[in-house]
Amino acid sequence: MSRARLTPTAEDRARLLALHPYYAARVTPTHLIAVAVLVGMAGLAAFSMWYLDFSVRRLGTGIAQLVHFITLMLPPDPGRQLPLYLHALGETLSIAFLGTVAGALLALPFGLLAAKNVVSNPVLHFGVRRLLDVLRGIDKLIWALIYVTVVGLGPFAGILAIATASVGELGKLFSEAVEASDRKPVEGIVSCGGSKADTVRFALFPQVLPVLASQMLYYFESNSRQSTIVGIVGAGGLGLHLAEQIRILEWQKVSFLVLMMLVMVGVIDFISSRLRFAIIGRRPVSL
Amino acid sequence: MQHAIVQLPPEQIAPLARHYDAAVATRRRHTLLVFAAVLIGIVLSCWGGEVKPGVFWANADRLGTYFLNIVPVLRWETLGADLSEWYWNLDGWLKLLFETVLIAYLGTVFGTIGALLLCFLASANLTRNPWLRLSARRLLEFLRTVPEIVFALLFVVAFGLGAMPGVLALALHTMGALGKLFAEVVENIDMKPVDGATAAGASWMQTVRFAVLPQVLSNFASYGLLRFEVNVREAAIMGFVGAGGIGQDLVEAIRKFYYSDVSAILLLIIATVMIIDLVTERIRHALIGMDQSR
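Overview of the structure. (Residues numbered from 1 in each chain as written. Chains lettered and ligands numbered in written order. Predicted model: local features only at pLDDT ≥ 70, side-chain atom pairs only at ≥ 80, totals over all residues. Heavy atoms only, no water.)

## A short note on the overall build of chain B
Scanning chain B for helices and strands turns up 11 helices and 0 strands. Scaling as 2.2 N^0.38, a compact globule of 294 residues should have a C-alpha radius of gyration of about 19 Å, whereas chain B reaches 29 Å, well beyond that. Principal-axis analysis of the C-alpha atoms gives chain B an extent of 85 × 75 × 50 Å. Evaluated residue by residue, chain B yields a buried proportion of 43% over its 294 residues. Within chain B, counting contacts between residues at least 6 apart in sequence, those at least 24 apart form 73% of the total. (Helix = DSSP H or I, 4+ residues; strand = E, 2+ residues; numbered from the N terminus. Rg over C-alpha atoms; globule rule 2.2 N^0.38 Å. Buried < 20%, exposed > 50% of the residue type's maximum accessible area, 1.4 Å probe, protein only. Contact = heavy atoms within 4.5 Å.)

Okay, here's the thing in structure tokens:
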């Protein structure tokens, strides 16, 4: 079999280029827009670096310092503090678990009130939604700081902080799950003479509970990350010790604490993703 | 019209009823087991988390009092004066908010550049060498598992107080979070352009530039914008550990019980976040629209 080499002649080329001027041009309008956007972004970045006092010298000394710290971090070593840190780990887990459970329990009525197909009064569900927005819009660390000033230092402030923010997040998701639920079981219950409470119990809950359970587990994962850091403002758990050890430059303990965080988050992710896929009945996508 | 209800004879009903009861009983048992597990978890964590319901209920009114206290006093007759008293430091706060947004922007830009460099190495369809790919993935995983604020704590010690450690902390975390999303996008591309480029003798860099990048760029931009929204929220708390932005003033207001300042700053933060969410949402929808019209 012989292959002809397909090389266009000069006049073929000229004809093709004349037919498609867009591709013939070396600089197309798309290019110009892309370059303009990139230049604008780079300009803004340069301005921000100037405004925020970036300096190459500081960057250099900082990186040198950081490398020095990393050499001091190895090997990770808790010293004599291991029981204390294990206790802090327990505290962190408690904060994540209780925060999520309490948040979910409180989010349930809020989620129902914020759903259009349960509460027909627009003023009520608009108000509930804005309330959930505010609860969600304030970061967990800010909540933790506020609760520390109200209930004092300790893990309880962390629990309240995680719970408050979770009400906002889960309440919104719950209300969406309720709104997306099938209308037919509700009509069935109503046609059999069921009350409003009966429709919620027998038609809505069976539909939305699996969704809610998997969302709860998902938020437990994310809250376990958050609960490691609420201690930075004094709300108990690993973060408290981490901030303290960084302040007094005990680098081996710092690296041990970070390692504990990573292992904890990894284990919780593994367990809860297994459970989540068991609940919604699908195999995890292997990565 | 009349319907006759057909009754099965009892000997046929009995096994069916038994099956039904057994099925219901298993379900109930499972539910009870789950409830028992959750209850045990709650009891254990109440013990671990030093929850004292008695103390809490005795002081629960303080919670309400606090939130009543941070609501500013606004009277209709002197509304202007009250408002200006509430926002007495508006200029200073707006400047800090501007700084916060710039921190988020720079962190997102640096993080996105880092994620762009790493994501191609971390995706299975472009990088055949398993060691290179796995080490890129583990690095990204590490960067996104360590919270921003922990990086910020470390960097404040290394680089000194100011916005720079905040930017670097956000950049590292963004790199990890975006790198994973970017790698997933890259793994889902159409491989035909890649095969074409390889067949025409393109190098690895050329393949990425001409066959991969055009397919993924709009998705990358949309994820980058989404991350910018998240980073604005995070930048607002960077000041808690001395890494710049409005967090510094917020911490002071909360710690020193400057009640009306707390609500003023919180409202400013919420408003900024909402405005930025709206703007980036519009840009993202425009990007998606562009993608579909192509």
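Once you've had a look at it, read on.
## Comments concerning the packing of aromatic side chains
Tallied over the full model, the rule gives 21 aromatic pairs over all chains. Ring geometry for W86 of chain B and Y87 of chain B: centres 4.8 Å apart, planes at 50°, overall tilted. Taking relative accessible area as the criterion, Y87 of chain B reaches 19% and is therefore assigned buried. Relative to F228 of chain B, the ring of Y105 of chain B has its centre 6.5 Å away and its plane inclined at 90°; by these criteria the two rings are edge-to-face. Taken together, the positions of Y105 of chain B in helix α4 (residues 90-122) and F228 of chain B in helix α9 (residues 204-238) put the pair 123 residues apart, joining distant regions of the chain. Y105 of chain B gets classed as buried once you look at its relative accessible area, which sits at 12%. By relative accessible area, F228 of chain B is classed as buried at 15%. Through successive ring pairs, a cluster of aromatic residues spans W143 and Y147 of chain A together with Y66, F67, F257 and Y259 of chain B. The aromatic ring of F202 of chain A is capped on one face by R201 of chain A, whose charged end is 4.6 Å from the ring centroid. Just above the ring of F210 of chain B sits the side chain of R209 of chain B; from NZ or CZ to the centre is 4.6 Å. (Phe/Tyr/Trp six-rings, centres within 6.5 Å; stacked < 30°, edge-to-face > 60°. Lys NZ or Arg CZ within 6 Å of the ring centre and 35° of its normal.)

## Let's talk about the interface of chain A and chain B
Taken residue by residue, the interface counts 57 residues in chain A and 59 residues in chain B. A combined buried area of about 5,000 Å² lies between chain A and chain B, and 80% of that area is made up of carbon and sulfur atoms. Among the residues of chain A in contact with chain B, L52, R58 and V150 of chain A are the three that bury the most area, contributing 12% of the side total. Remark: the boundary between chain A and chain B carries 3 residue pairs in polar contact (both at pLDDT 80 or more). Within the side of chain A that touches chain B, the residues separate by chemical class into 43 nonpolar, 9 polar and 5 charged. (Buried area = accessible area lost by both parts, 1.4 Å probe. Polar contact = N/O pair within 3.5 Å; in protein donor to acceptor, adjacent residues only side chain to side chain. Nonpolar A, V, L, I, M, F, W, Y, C, P; charged D, E, K, R; others polar.)

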